[in-house]
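Here is what each chain is made of, one letter per residue.
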Amino acid sequence: MSTISPPQPPLLSIAVQSKAFGPKEILGNVSLDIFPGEIVTLLGASGCGKSSLLRLIAGLDQSYDGKISLSGKELTGITQQIGFIFQEPRLMPWLTVAENVAFQAKSPRNERATVSALLEEVGLFGTEELLPKQLSGGMAQRVSIARGMFSKPDLLLLDEPFSAVDAFTRMKLQDLLLNMLRLHRNTVLMVTHDIDEAIYLSDRIVVIGGQPGIIREIIEVDFPRPRDRRDATLTGLRAKVLDALHGINVI
């Protein structure tokens, strides 16, 4: 009897034929499968449709031609199976940290234990009653990560989540994210403009480009974790990613 396990079905299947805003087509034919536990990054120039694709997957925009499925079921709107972390924290200024984390809950006060555990994981235990104005930018984004994890999503979408903080805080948040993913076993699709961030975090880098945006190349990042940012093999991969991006610009 064979001991080979059958291939794992994808968690997310993307088959977008077209996405347009008025007469302008933003996305062309984009087909991509993402498998459980993967961290996949969308990389490309501004305006190539990366964030628009995230919005389609999240159910924030349902005006497109094609089909997007999660766990084999077509997505037709917003679902708690998908968490979203934005470029800015987008915390409600009139709510406490705890209330922001449990924003999706029907009874936030009944979720105190879950909220406190998540805040402890992101290094903010004891901040439950603070307001967003009392937080630094890095702290606010940690709250945003905790909020994104609150519904225990199968898929986590991140739209340039660390671009608004300084370089040192960005590295700390990257490591925090990896630790959270190890604990919660989420699958991730992330948009970034930072090549080094994509290489450090990702299992695969999907290079998108053109007008309309299509997948130009998929680059495997086949290195075990934890990774060392100073590792020459990682920095060597940077040249391959740059070549892929350069290839887009000359098309």
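The structure this text deals with has already been given above.
Residues numbered from 1 in each chain as written. Predicted model: local features only at pLDDT ≥ 70, side-chain atom pairs only at ≥ 80, totals over all residues. Heavy atoms only, no water.

Visitor: Could you give me a rundown of the overall build of the chain, with the residues and numbers involved?
Guide: Within the chain, the secondary structure is distributed over seven helices and 11 strands. Taken across its 251 residues, the chain has 49% of its residues classed as buried. Intrachain contacts of the chain at a sequence separation of at least 6 include 68% that bridge at least 24 residues. Carbon and sulfur atoms make up 53% of the accessible area of the chain, which amounts to about 12,700 Å² in all. Positive and negative charge centroids in the chain, built from 26 and 28 side chains respectively, lie 3 Å apart. (Helix = DSSP H or I, 4+ residues; strand = E, 2+ residues; numbered from the N terminus. Buried < 20%, exposed > 50% of the residue type's maximum accessible area, 1.4 Å probe, protein only. Contact = heavy atoms within 4.5 Å. Areas by Shrake-Rupley, 256 points an atom, 1.4 Å probe, with all protein chains shown as cover. Lys, Arg positive; Asp, Glu negative; His and termini not counted. Charge placed at Lys NZ, Arg CZ, Asp CG, Glu CD.)

Visitor: Any details on the pattern of salt bridges? Residues and values, ideally.
Guide: Opposite charge on two side chains permits pairing when their charged atoms draw close. For the structure on display, the rule yields 10 salt bridges. Note that E38 is salt-bridged to R204, the shortest N-O span being 2.8 Å. In this pair, E38 sits in the loop between β3 (30-34) and β4 (39-43) while R204 sits in strand β10 (residues 204-209), placing the two residues 166 residues apart along the sequence. For the pair E38 and R204, one class covers both residues: buried. Residue R170 is joined to E197 by a salt bridge in which the shortest nitrogen-to-oxygen separation is 3.0 Å. Of this pair, R170 sits in helix α5 (residues 167-184) while E197 sits in helix α6 (residues 195-201), and the two are 27 residues apart along the sequence. You can call R170 buried: its relative accessible area is 15%. Residue classification places E197 among the buried residues on the basis of a relative accessible area of 2%. Via salt bridges that share partners, R170, D194 and E197 belong to a single interconnected network. (Salt bridge = Lys/Arg side-chain N within 4 Å of Asp/Glu carboxyl O.)

Visitor: Break down the pairing of β10 for me, citing the residues and quoting the values.
Guide: Extensive coverage of β10 is indicated by the burial of six of its six residues. Pairing of β10 with strand β11 (residues 214-220) involves six bridges; the strand directions are antiparallel. For V206, the partnering residue across the bridge sits in β11 and is I218. Connecting β10 to the antiparallel partner β11 that follows it, the hairpin turn spans four residues, and G210 within it adopts a positive phi of roughly 95°. (Pairing = 2+ DSSP bridges.)

Visitor: Hey, could you go over the packing of aromatic side chains for me, with residue numbers and the actual values?
Guide: Across all of its chains, the model carries one aromatic pair by this definition. Ring geometry for F84 against F86: centres 4.4 Å apart, planes inclined by 15°, an arrangement best described as stacked. The pair formed by F84 and F86 is uniform in burial state, with each residue classed as buried. The aromatic ring of F86 is capped on one face by R90, whose charged end is 4.1 Å from the ring centroid. Positioned above the aromatic ring of Y200 is the side chain of R229, whose terminal nitrogen or guanidinium carbon lies 3.8 Å from the ring centre. (Phe/Tyr/Trp six-rings, centres within 6.5 Å; stacked < 30°, edge-to-face > 60°. Lys NZ or Arg CZ within 6 Å of the ring centre and 35° of its normal.)

Visitor: I'd like a description of the sheet that holds β4, backed by residues and values.
Guide: Hydrogen bonds between backbone atoms are what pair the strands of a sheet, whose relative direction is either parallel or antiparallel. As summarised here, the arrangement of the six strands in space is β7-β8-β9-β4-β10-β11, forming an open sheet in which the pairing is mixed. Lying at the two open borders of the sheet, with one neighbouring strand each, are β7 (82-85) and β11. Each strand axis lies, on average, 20° off the axis of its neighbour in the sheet, ignoring direction. Examined bridge by bridge, β4 and strand β9 (residues 187-192) share five bridges and lie parallel to one another. If you follow L42 over to β9, its bridge partner there is V191. On the sheet, helix α1 (residues 50-58) packs against β4, β7, β8 (155-159) and β9 and is oriented at approximately 150° with respect to β8. Sheet strands in contact with helix α4 (residues 137-149) are β7 and β8, and its direction is about 170° off that of β7. (Axes fitted to C-alpha atoms, helices over the stretch in contact; angles between N-to-C directions.)

Visitor: Can you explain the nonpolar core? Please cite residues and give values.
Guide: By size, the foremost hydrophobic cluster in this structure holds 34 residues, and its most contacted members are V101, L119, V122, I145 and L156. Residue assignment for this core shows that the elements contributing at least two residues are α2 (97-101), α3 (112-121), α4, β8, α5, β9 and α6. With residues near it in sequence (within four places) discarded, V101 still touches V115, L118, L119, V143, A146, R147 and F150. The next biggest cluster of nonpolar side chains, apart from the first, holds 30 residues, and it includes L11, L12, V16 and L70. (Core = buried A, V, L, I, M, F, W, Y, C linked by side-chain atoms within 4.5 Å.)

Visitor: Before we move on, can you summarise the pairing of β7 with the specific residues and values?
Guide: Burial along β7 is two-sided: I82 and F84 and G83 and I85, pointing in opposite directions, are all buried. Here β7 pairs with β8 via four bridges, running parallel. Bridge pairing links F84 to L157 in β8.

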